[in-house]
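Residue-level listing of the chains:
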Amino acid sequence: MPHSQPPAEEGHPPPLGVVPGPWKSVSLCKGRRESQGTLSDTSAGEEAQGEEGPAAAQLDVSRLRSSSVEIREKGSEFLKEELHKAQKELKLKDEECERLSKVREQLEQELEELTASLFEEAHKMVREANVKQAASEKQLKEARGKIDMLQAEVTALKTLVITSTPASPNRELHPQLLSPTKAGPRKGHSRHKSSSALCPVVCPAAGHALAPDREGKEVDTTLFAEFQAWRESPTLDKTCPFLERVYREDVGPCLDFTMRELSALVRAAVEDNTLTIEPVASQTLPTVKVAAVECGSTNTCALSGLARTCRHRIRLGDSESHYYISPSSRARITAVCNFFTYIRYIQQGLVRQDAEPMFWEVTRLRKEMSLAKLGFFPQEA
């Protein structure tokens, strides 16, 4: 159609210019109804949208709640795992601490035991050192005493050797050289002064003739042979023939006192060179008990048990006990001590003489023991 207008868009009223006149009211009414329908649809949609909004919000809230619950569950599971892991580590730490505590306690106990043992060992070493020091001091004191005694004896021997020579003999050591007025009268038979009756004696052990002494002494070949055998290797052993004979004939009888127990102690002290003889004042003599005899008086000899004036006392070794002895007992002990002193000098190489002068000196000492055993002793002033 040539005069046709483009159709109106659907849902919108056509323009007023294209609507023919007779249809004008109808189109307006229609347009109003359509616009009212459109408004009603719009309001219905808005109402529908209004009704759908809370549901969507509730859905979103439920979704948020479900997600938050999941997050909480996951978080709680994670925290539980972490807590379990931390508890496990803490338990391991506790076990480690307990083990270390036990190790520390064990080390402390071992340290205490070690310290105690060290202190005990130190105290023991100190005690042993003190004992050794005391023993050493005692030995030193004894050695000094022996050295002083030996020095005094050596000095005395040197003095005797110097003052007694063949050209100028010491008359105190050789009483036979004293004048008749000083020597005093002799009792008994007079000695024959002729030397023609004195014949030389040959000693088989020595291999040479021994000239008899001018006093009429004669060498016993058996005794001289035993002495020479002993002199080759000097010893203090009692089993050698020379000392066995001296013990049997002189030492034993000379030290055989009434009090047998004390006599044995004195003999052992003389052999060990540990006997001491000391002079004492008569007013300081104490009461002494020996064996079963009680010496209630100061005038009783501890060895013989007889009532005698005791001006000397003896001490055996390191003992603090003293025994008071008579002059006769002292002479017997002194004679034996002189014999042992001389043979010790020979053993130590201090006597530089030939065999014959040494033998006669030993014989003279044996003679002194015999005389003392028989009761002869020098009278004290």
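For clarity, every value in this text was computed on a predicted model and none was experimentally measured.

Visitor: Describe in detail the overall build of the protein chain, supporting the description with residues and values.
Guide: Tallying secondary structure elements over the protein chain gives seven helices and seven strands in all. The order of α-helices and β-strands along the protein chain, N terminus first, is α-α-β-β-α-α-α-β-β-β-β-β-α-α. Residue burial in the protein chain is summarised as follows: out of 381 residues, 20% are buried. Counted over contacts in the protein chain with a minimum sequence separation of 6, partners at least 24 positions apart contribute 57%. Carbon and sulfur atoms make up 56% of the accessible area of the protein chain, which totals about 28,200 Å².

Visitor: Can you break down the pattern of salt bridges residue by residue, with the values?
Guide: Scanning all chains against the criterion turns up 15 salt bridges. Close ionic contact of E271 with K238 constitutes a salt bridge, the shortest N to O distance being 3.2 Å. Taken together, the positions of E271 in helix α5 (residues 260-272) and K238 in the loop between α3 (221-232) and α4 (241-254) put the pair 33 residues apart, joining distant regions of the chain. For K238, a relative accessible area of 38% puts it in the partly exposed group. Here E278 ties to R315 by a salt bridge, and the two come within 3.9 Å at their closest N and O atoms. With E278 in strand β3 (residues 275-279) and R315 in strand β6 (residues 312-316), this pair connects stretches of sequence that are 37 residues apart. Residues participating in the shared-partner salt-bridge network are E226, E244, R245, R248, E249, D250 and R366.

Visitor: Residue-level account of the packing of α5 against helix α6 (residues 327-347), with values.
Guide: One way to put it is that α5 packs onto α6 with a least axis distance of 9 Å and a crossing angle of 25°. In terms of orientation, α5 and α6 fall into the roughly parallel class. Crossing angle aside, the handedness with which α5 passes α6 is right-handed. Side by side, α5 and α6 meet where V266, V270, E271 and D272 of the first sit next to I333, V336, C337, F340 and R344 of the second. Per-class residue counts for the contact of α5 with α6 are six nonpolar, no polar and three charged.

Visitor: How would you explain the nonpolar core if you had to name every residue and give the values?
Guide: Among the nonpolar cores identified, the biggest contains 47 residues, and V266, I333 and F339 are the most heavily contacted of them. If you list the elements that add at least two residues to this core, you get α3, α4, α5, β6, β7 (323-325), α6 and α7 (355-373). At nine residues, α6 tops the list of elements feeding residues into this core. Aside from chain neighbours lying at most four places away, what touches F339 is L243, V246, V362, L365, R366 and M369.

Visitor: Describe α3, and please don't skip the residues or the numbers.
Guide: Because an α-helix completes one turn every 3.6 residues, residues spaced three or four positions apart along the sequence face the same direction. Given a rise of 1.5 Å per residue, twelve residues ought to cover 16 Å, and the 17 Å separating the end C-alpha atoms of α3 matches this to within 8%. Buried within α3 we find F224, E226, F227, Q228 and W230.

Visitor: Could you give an account of the environment of R366, with specific residues and numbers?
Guide: If you trace the backbone, R366 turns up in helix α7. The exposure class of R366 is buried, given its relative accessible area of 12%. Considering only alpha carbons, one finds R366 and D250, 116 residues apart in sequence, at a separation of 6.6 Å. Not counting residues within four places of it along the chain, the set of residues in contact with R366 comprises L223, R245, V246, E249, D250 and F339.

Quick notes on the rules
- Just so you know, the residues in each chain are numbered from 1, in the order the chain's sequence is written.
- It should be noted that, the model being predicted, local features are given only for residues of pLDDT at least 70 and side-chain atom pairs only at 80 or more, the latter also being counted only at that level, while totals for whole chains, interfaces and linings use all residues.
- Hydrogens are left out, water is left out, and the side-chain values use all remaining heavy atoms of the structure.
- Strands here are runs of E lasting at least two residues and helices are runs of H or I lasting at least four, both read from the DSSP assignment and numbered beginning at the N terminus.
- Exposure categories follow from relative accessible area, calculated using a 1.4 Å probe and restricted to protein chains: below 20% of the type maximum is buried, above 50% is exposed, and the middle band is partly exposed.
- By definition in these notes, contact holds between two residues if any of their heavy atoms fall within 4.5 Å.
- Residue exposure ignores everything except the shown protein chains as possible cover, and the areas themselves are Shrake-Rupley values with a 1.4 Å probe.
- When a carboxyl oxygen of Asp or Glu lies within 4 Å of a side-chain nitrogen of Lys or Arg, that pair is called a salt bridge.
- In this description, a line fitted to the C-alpha atoms serves as the axis of each element, helices being fitted only across the stretch in contact, and the angle between N-to-C directions of two axes falls anywhere from 0 to 180 degrees.
- Working definition: roughly parallel below 35 degrees, roughly antiparallel above 145 degrees, roughly perpendicular at 65 to 115 degrees, and oblique for all remaining angles.
- The hand of a helix crossing depends on one turn: near helix anticlockwise from the far one by less than a right angle means left-handed, and clockwise means right-handed.
- Note on residue classes: Ala, Val, Leu, Ile, Met, Phe, Trp, Tyr, Cys and Pro are nonpolar, Asp, Glu, Lys and Arg are charged, and everything else, Gly too, is polar.
- As used here, the term nonpolar core means buried Ala, Val, Leu, Ile, Met, Phe, Trp, Tyr and Cys residues forming a set that is joined through side-chain atoms within 4.5 Å.
- Multiplying 1.5 Å by the residue count of a helix minus one yields the expected span of that helix.

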